[in-house]
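One letter stands for each residue in the lines below.
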Amino acid sequence: MPARPNSFRGSLPPRILAATPVDEPEVLAKRKKAHRNEEIRLFLLSFSAFFVAITSFIW
């Protein structure tokens, strides 16, 4: 089933769409790095929360 085109994106002028290069390698690399950093941050946050919760139950 083909995806329907986005009506908002279709209403934008071409100069706006040209200013947001989504598929360029640099943009994809930055997005991938940001996603990886977010995963690491969430892991450290959950690990710290688990550590604090277990430590408080033990004491």
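Residues numbered from 1 in each chain as written. Predicted model: local features only at pLDDT ≥ 70, side-chain atom pairs only at ≥ 80, totals over all residues. Heavy atoms only, no water.

Visitor: Hey, could you go over the overall build of the protein for me, with residue numbers and the actual values?
Guide: A count of helices and strands for the protein gives three helices and zero strands. Order of helices (α) and strands (β) in the protein, N terminus to C terminus: α-α-α. Just so you have it, the protein exposes about 6000 Å², and 69% of that area is on carbon and sulfur atoms. (Helix = DSSP H or I, 4+ residues; strand = E, 2+ residues; numbered from the N terminus. Areas by Shrake-Rupley, 256 points an atom, 1.4 Å probe, with all protein chains shown as cover.)

Visitor: Run through the pattern of salt bridges, naming residues and quoting values.
Guide: Taken as a whole and assessed by the stated rule, the structure comprises one salt bridge. The residue R41 makes a salt bridge to E38 at a minimum N-O spacing of 3.1 Å. You can see R41 and its partner E38 sitting in helix α3 (residues 25–58), three residues apart, about one turn around the helix. You can call R41 partly exposed: its relative accessible area is 46%. (Salt bridge = Lys/Arg side-chain N within 4 Å of Asp/Glu carboxyl O. Buried < 20%, exposed > 50% of the residue type's maximum accessible area, 1.4 Å probe, protein only.)

Visitor: Requested: an account of a nonpolar patch on the surface, with residues and values cited.
Guide: On the surface, I40, F43, L44, F47, F51 and V52 cluster together to form a nonpolar patch covering roughly 650 Å² of accessible area. Turning to its location among the elements, F47 is positioned in helix α3. (Patch = residues over 30% accessible without salt bridge, like charges linked within 9 Å, V, L, I, M, F, W, Y side chains within 5 Å.)

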